Amino acid sequence: MTSGPNLEEITRRGVQEIISHEQFVRMLGEGKPLRLKMGFDPSRPDIHLGHVVGLRKLRQLQQLGHQVILIVGDWTAQIGDPSGQTVTRPALTHEEVITNAESYQRQFFKVVDRDRTQVVWQSEWFGKFTLADVIGLTGRFTVAQFLERDDFAKRFQEHRPIAITEFLYPLLQAYDSVAVESDVEFGGTDQMFNLLVGRELQGMMGQRPQQCFLMPMLVGTDGAQKMSKSLGNYVALEEPPEDMYGKIMSLPDELIGPYFEYLTDVPMEELAELERSNGEINPIEFKKRLALDITAQFHDLAAANAAQAHFENVVQRRGLPEDIPEFTEPSLAGSQGEQGRRLSNIIYDAGLASSVSEAKRLINQGAIELIDAATGDARRLTRDDRTDALDMQDRAVLKRGNRRFVRLVK
RNA sequence: GGAGGGGUGGGUGAGUGGUUAAAGCCACCAGACUGUAAAUCUGGCGUCCGGAAGGGCUUCGCAGGUUCGAAUCCUGCCCCCUCCA
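The rules behind these values
Residues numbered from 1 in each chain as written. Chains lettered and ligands numbered in written order. Predicted model: local features only at pLDDT ≥ 70, side-chain atom pairs only at ≥ 80, totals over all residues. Heavy atoms only, no water. Near = heavy atom within 4 Å. Polar contact = N/O pair within 3.5 Å; in protein donor to acceptor, adjacent residues only side chain to side chain. Helix = DSSP H or I, 4+ residues; strand = E, 2+ residues; numbered from the N terminus. Nonpolar A, V, L, I, M, F, W, Y, C, P; charged D, E, K, R; others polar. Pairing = 2+ DSSP bridges. Axes fitted to C-alpha atoms, helices over the stretch in contact; angles between N-to-C directions. Phe/Tyr/Trp six-rings, centres within 6.5 Å; stacked < 30°, edge-to-face > 60°. Buried < 20%, exposed > 50% of the residue type's maximum accessible area, 1.4 Å probe, protein only. Lys NZ or Arg CZ within 6 Å of the ring centre and 35° of its normal. Right-handed = clockwise from strand over helix to strand, strands pointing away. Core = buried A, V, L, I, M, F, W, Y, C linked by side-chain atoms within 4.5 Å. Domains from an automatic or database assignment. Contact = heavy atoms within 4.5 Å.

> Would you take a moment to explain the protein's contact with RNA strand B for this structure?
Around RNA strand B sit 32 residues, and of these Pro252, Asp253, Phe311, Arg342 and Arg361 come closest. Sugar plus phosphate: this is where 66% of the atoms of RNA strand B within 4 Å of the protein reside. Contact between RNA strand B and aspartate 253: a base nitrogen at 2.4 Å from a side-chain N or O atom of the residue. In this structure, a base nitrogen belonging to RNA strand B sits 3.1 Å away from a side-chain N or O atom of lysine 360. Mapped by element, the contributors of at least two residues to the surface near RNA strand B are α15 (283-298), α16 (301-316) and α18 (356-364). Per element, the largest residue contribution to the surface near RNA strand B is five residues, and it comes from α18. Looking at the surface near RNA strand B residue by residue, the class counts come to 10 nonpolar, 11 polar and 11 charged.

> Hey, could you run me through the sheet that holds strand β3 (residues 67-72) in this one?
Backbone hydrogen bonds are what pair the strands of a sheet, in a parallel or an antiparallel way. In spatial order, the strands read β1-β6-β5-β2-β3-β4; together these six strands make up an open sheet with mixed pairing. The open sheet has two edge strands with one neighbour each: β1 (17-19) and β4 (117-121). Recorded for the sheet is a direction-independent mean angle of 25° between the axes of neighbouring strands. Bridge analysis of strand β2 (residues 35-40) against strand β5 (residues 184-188) gives two bridges, and the strand direction is parallel. The partner of leucine 36 across the bridge, within β5, is valine 184.

> Just checking my understanding: could you explain the packing of aromatic side chains for this structure?
Each aromatic ring pair is characterised by the separation of its centres together with the angle its planes make. Counted under the stated rule, the structure contains 14 aromatic pairs. Between phenylalanine 146 and phenylalanine 167, the aromatic rings sit 5.6 Å apart at their centres with planes inclined by 80°, giving edge-to-face as the arrangement. You can see phenylalanine 146 sitting in helix α8 (residues 143-146) and its partner phenylalanine 167 sitting in helix α10 (residues 164-180), a full 21 residues away along the chain. In this pair, the class of phenylalanine 146 matches that of phenylalanine 167, namely buried. Seen from their ring centres, phenylalanine 152 and phenylalanine 167 are 5.0 Å apart, and the 85° between their planes marks the pair as edge-to-face. Here phenylalanine 152, found in helix α9 (residues 150-157), pairs with phenylalanine 167, found in helix α10; they are 15 residues apart in sequence, far enough to count as distant. Judged by its relative accessible area of 0%, phenylalanine 152 is buried. A network of ring pairs unites the aromatic residues Phe141, Phe146, Phe152, Phe167 and Phe193 as a single cluster. The ring of phenylalanine 152 carries the charged tip of arginine 149 above its face, separated from the ring centre by 5.1 Å.

> Is there a simple way to think about the pairing of strand β6 (residues 211-215) in this case?
Looking along a regular strand, one sees side chains alternate from face to face of the sheet. The element β6 is extensively covered by neighbouring structure, given that five of its five residues are classed as buried. Across the two faces of β6 the burial is the same, with Gln211, Phe213 and Met215 and Cys212 and Leu214 all buried. Relative to β6, β1 runs antiparallel, the two sharing three bridges. Considered in β6, the bridge of glutamate 17 is made with leucine 214. As judged from the five bridges shared by β5 and β6, these two strands associate in the parallel manner. Among the inter-strand pairings, glutamate 185 is bridged to a residue of β6, identified as cysteine 212. You can see the chain leave β5, run along helix α11 (residues 192-204) and come back into β6, and the turn it takes is right-handed.

> Can you walk me through the nonpolar core in this structure?
What tends to happen in soluble globular proteins is that the nonpolar side chains get buried as a cluster. Ranked by size, the top nonpolar core spans 58 residues in total, and within it Leu49, Phe108 and Tyr259 carry the most contacts. For this core, the two domains that each supply at least three residues are domain 1 (5-215) and domain 2 (241-316). For phenylalanine 108, the contacting residues outside a window of four places in its chain are Met38, Ile47, Leu55, Leu58, Val68, Leu70 and Thr117. Of all hydrophobic cores here, the second largest spans 21 residues; its members include Leu343, Leu362, Leu390 and Val406.

Now the structure itself:
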């Protein structure tokens, strides 16, 4: 346990708070492998960059010889995340849970070292729980304590519903810490309450309380709210390289710094330098470097370079991408009655609009271009004509907005 | 157990019998500008037919009913919230 990132880097960079920092540093000094707890809910198997901030911490600590305990929350998944809008979701089948758990791990181990990870299921201990155990567990805490939690407090105050099972969620998560005898638990700052309940419960049950490692919330691609799947402002790990690169390029400039800090290994001194040169160099250059770095982490360098080339070609120079999905347009074969097909129908059928009405709106707004396959000439289509008036060639490309293309083929 | 309030389009939230496919705001889409950033301006934002003008159909928790006409009135049901006990 010698090589690896330095202590300062591990405990400060991309970390919001460690409760307690001092005790954690002391634990590291004990020279024994620590048990690092990380749980996930198999009803939501998608990992995005927001989760990666914490996963990188796990990996760094693994490099120092510590052990990750990954808990599959097959019981907590049935309760649902206490986020207010969650209406009771249908319970997942056993098969779905297994599929989701596999999919989660496939992504998880893109960052975390599999060899130093132990995967356990909540049902290993909750499967044997009795009502007496549940009562015993709930009896250790009070409603007042749980209303301390920000989310509960808010909803209570605003007279919005709080399901009783939602109170169970932190309790189960806390008991996990006891079950796996965790030394440190990881989560975003929004998880603070749950992690602290675990810390407290361990103390009550005669274990050494875990340390809580809290990561900052990564702001999403909208530049306003924390990255989350339900807000649609996320970059998924399983995103194709081009999309991943593109989404990072669309980030507001202010996020370049935090993303470099939380999601890359670019040294802090270098980041400070980037900061200083701000104003002299077009920020797009920094952002490209960021997009390349992150894309390469989850794919590989070749794929990242290709994604960058794609970006430069399609977005910056407004060229045509290499791979354009093809759509077999029947009227090109000349078998569509006397007048041919309407443009709006073609756009809809080719998947460039979600309804014919939307396709018409796009046409009216000048969002549709037809690009000749041979010459590359683009023509803006602003009338919802029939194909006989359109002069459409085989292999012509239909373009919607700036970056959605479909090639029309016979 | 009792009394009261409420469920509207992706979100918020107006609207209490026709002028309402349903205000405003947010989100989103498109155009201009541009660095696929931000800001700004413009247009759009249920669906189907029509080149267009325009027309049809579907939508206000669910199911019925009253009416020429219902998001708006009536009945039943489901769900949420508050207060009292």
